[in-house]
Amino acid sequence: MAKPCSADQAVSITREEYYPGPKCEHVSRNLDSERFKLEYIELCQSEIGSESASVASVQIASCVPDQNRGGIVYTKQLCCSSP
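Criteria and thresholds
- Residues numbered from 1 in each chain as written.
- Predicted model: local features only at pLDDT ≥ 70, side-chain atom pairs only at ≥ 80, totals over all residues.
- Heavy atoms only, no water.
- Disulfide = S-S within 2.5 Å.
- Helix = DSSP H or I, 4+ residues; strand = E, 2+ residues; numbered from the N terminus.
- Buried < 20%, exposed > 50% of the residue type's maximum accessible area, 1.4 Å probe, protein only.

Enquirer: I'd like to hear about the state of the cysteines, residue by residue, with values.
Expert: Counting across every chain of the model gives three disulfides. Bridging Cys5 to Cys79, the disulfide has an S-S length of 1.9 Å. Given an S-S torsion of about -85°, the disulfide between Cys5 and Cys79 has left-handed geometry. Placement of Cys5 in the segment before strand 1 (10-13) and of Cys79 in strand 4 (residues 72-81) is noted, with a sequence separation of 74 residues between them. Residue classification places Cys5 among the buried residues on the basis of a relative accessible area of 16%. Across a sulfur-sulfur distance of 2.0 Å, Cys44 and Cys80 are joined as a disulfide pair. Its S-S torsion of about -70° marks the bond between Cys44 and Cys80 as left-handed, since a negative value means left-handed. Taken together, the residues span a long stretch of sequence, with Cys44 in helix 2 (residues 38-48) and Cys80 in strand 4 at a distance of 36 residues.

Set out below in structure tokens:
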């Protein structure tokens, strides 16, 4: 689902999350604004090993139906860059 990060970016995958809605498209809304989410910035800083690292993009990495609860389970891919 996710496009590859560029060669000069590090990749971080978030933990699995549950969403009660029926469609993967619902969790992919407003992903661009999540670049500024502190949790994701800290993941990128840890991945790169620099406090100046930032989140270049956030995309859905995987999205599958949750057979037990209904809804979907998904992860996000962060493309991390350093200035």
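From this point, the discussion proceeds with the structure in view.
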